[in-house]
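# Observations on the three-dimensional arrangement
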Amino acid sequence: MEIDIIGDIHGCYEELILLITKLGYEKQDTSYVHPKGRRLAFVGDLTDRGPDSIAVIKEVAELVKNKQAYYCPGNHCDKLYRYFLGRNVQITHGLETTVEELNNLSKKEFQKVRHQFMSLVEESPLYQVLDNKKLVIAHAGIRSDLIGQTSKRVKTFVLYGDITGETNKDGTPVRRDWAQKHQGEEWIVYGHTPVRNPRFIHRTVNIDTGCVFGGALTALQYPEMQIVQVPSKQLLVEEKFRAFDN
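It should be emphasised that the depicted structure is a prediction, and the values quoted were computed from it without experimental measurement.

It is worth spelling out the packing of helix α3 (residues 75–85) against helix α5 (residues 107–122) at this point. One way to put it is that α3 packs onto α5 with a least axis distance of 10 Å and a crossing angle of 130°. With respect to α5, the element α3 is oriented oblique. As for how α3 packs across α5, the hand of that crossing is left-handed. When α3 is examined against α5, the residues C77, L80, Y81, F84 and L85 are found in contact with a partner set consisting of F110, R114, F117, M118, V121 and E122. Residues that form the contact of α3 with α5 fall into these classes: 9 nonpolar, no polar and 2 charged.

This is the structure:
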């Protein structure tokens, strides 16, 4: 199984197409196909903050529909899904950019995008377990002992990380560094927390390199465990990146 796993896109459509092309995928009809049969995978957070969230939704939904990609939702995906359900969600933390795009669509086009996105989420697992359980793709990660479970507690972990319930000064949740304690044989590939460089530790890899904050859009090639990147076209916001000691 040969997969190219792409980190948090957040509406950075131009960078997404550049990265897919750099990875060797070729446009065929309405989708992208790799001549050697490789497939794409996405760690979630397709939308919000970036310039073209709707184009990203359409592209990824088409790839998954054509069996050219795997997808699992991120916390921003979950929030947009609840927005489409008509739930009372706060239009903040980037969702306002996606809603603005949606408000500029015709009613027919809005319903089409809504259906595409909701189907994508509903037909995808909370996290992907692939290659005979040797590879797990989860938006904010997952502990080995939780793999196979889908309880509310597990969903919170997968979408938001190992949160303590406390908040930092900037209002973001305090998260435990679960990857430091990972001892499983499976590779866990995730995003959610922007880092300046892909973070490899104990068979875990964080590939959210903050494209929407001016970093890069990153792909991890599995099983080679090689990194392929394209630089962001967004403005650099240095304080959005989390620093680790290793």
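Each neighbour pair has its own omega, and for Y222 with P223 the value is 10°, a cis peptide bond. Within the secondary structure layout, P223 lies in the loop between β13 (216–222) and β14 (226–231). The backbone of K67 shows a phi angle near 60°, a positive value even though the residue is not glycine. Summarising the element assignment, K67 is placed in the loop between α2 (53–65) and β5 (69–71). Its relative accessible area of 59% is what places K67 among the exposed residues.

Strands sit in the order β5-β4-β1-β13-β14 across an open sheet of 5 strands; the sheet is mixed. Sheet topology places β5 and β14 at the edges, where each strand pairs with a single neighbour. For this sheet, the mean angle separating the axes of adjacent strands, direction not counted, is 20°. Here strand β4 (residues 39–42) pairs with β5 via 3 bridges, running parallel. Bridge pairing in β5 links A41 to Y70. Packed on one face of the sheet, α2 meets β4 and β5 and runs near 115° to β5.

Let's shift gears to helix α6 (residues 152–160). Taken together, the buried positions of α6 are V154, F157, V158 and L159. Elements that come into contact with the buried residues of α6 comprise α3. Looking one or two places after α6, you find G161, whose phi comes out positive at around 95°.

What follows concerns the sheet that holds strand β6 (residues 128–130). The mixed open sheet is built from 5 strands, whose spatial order is β6-β7-β10-β12-β11. Lying at the two open borders of the sheet, with one neighbouring strand each, are β6 and β11 (199–201). Strand-to-strand twist in this sheet, taken as the mean axis angle between neighbours without regard to direction, amounts to 15°. Sheet analysis places strand β7 (residues 135–137) next to strand β10 (residues 187–190), joined by 3 bridges and oriented parallel. Residue pairing across strands places L135 opposite W187, the latter belonging to β10.

So, about the pattern of salt bridges. The full count for this structure, using the stated rule, is 10 salt bridges. The shortest N-O distance in the salt bridge between E14 and K233 comes to 3.8 Å. Of this pair, E14 sits in helix α1 (residues 13–22) while K233 is found in the segment after β14, placing the two residues 219 residues apart along the sequence. Using a relative accessible area of 48% as the deciding quantity, one classes E14 as partly exposed. Across the salt bridge formed by R196 and E238, the nearest N and O atoms sit 3.6 Å from each other. Of this pair, R196 sits in the loop between β10 and β11 while E238 sits in the segment after β14; the two residues are 42 residues apart in sequence, bridging distant segments of the chain. On the basis of relative accessible area, R196 is assigned to the partly exposed category, the value being 39%.

Parameters at a glance
Residues numbered from 1 in each chain as written. Predicted model: local features only at pLDDT ≥ 70, side-chain atom pairs only at ≥ 80, totals over all residues. Heavy atoms only, no water. Axes fitted to C-alpha atoms, helices over the stretch in contact; angles between N-to-C directions. Helix = DSSP H or I, 4+ residues; strand = E, 2+ residues; numbered from the N terminus. Parallel < 35°, antiparallel > 145°, perpendicular 65-115°, else oblique. Left-handed = near helix turned anticlockwise from the far one by under 90°. Contact = heavy atoms within 4.5 Å. Nonpolar A, V, L, I, M, F, W, Y, C, P; charged D, E, K, R; others polar. Buried < 20%, exposed > 50% of the residue type's maximum accessible area, 1.4 Å probe, protein only. Pairing = 2+ DSSP bridges. Salt bridge = Lys/Arg side-chain N within 4 Å of Asp/Glu carboxyl O.

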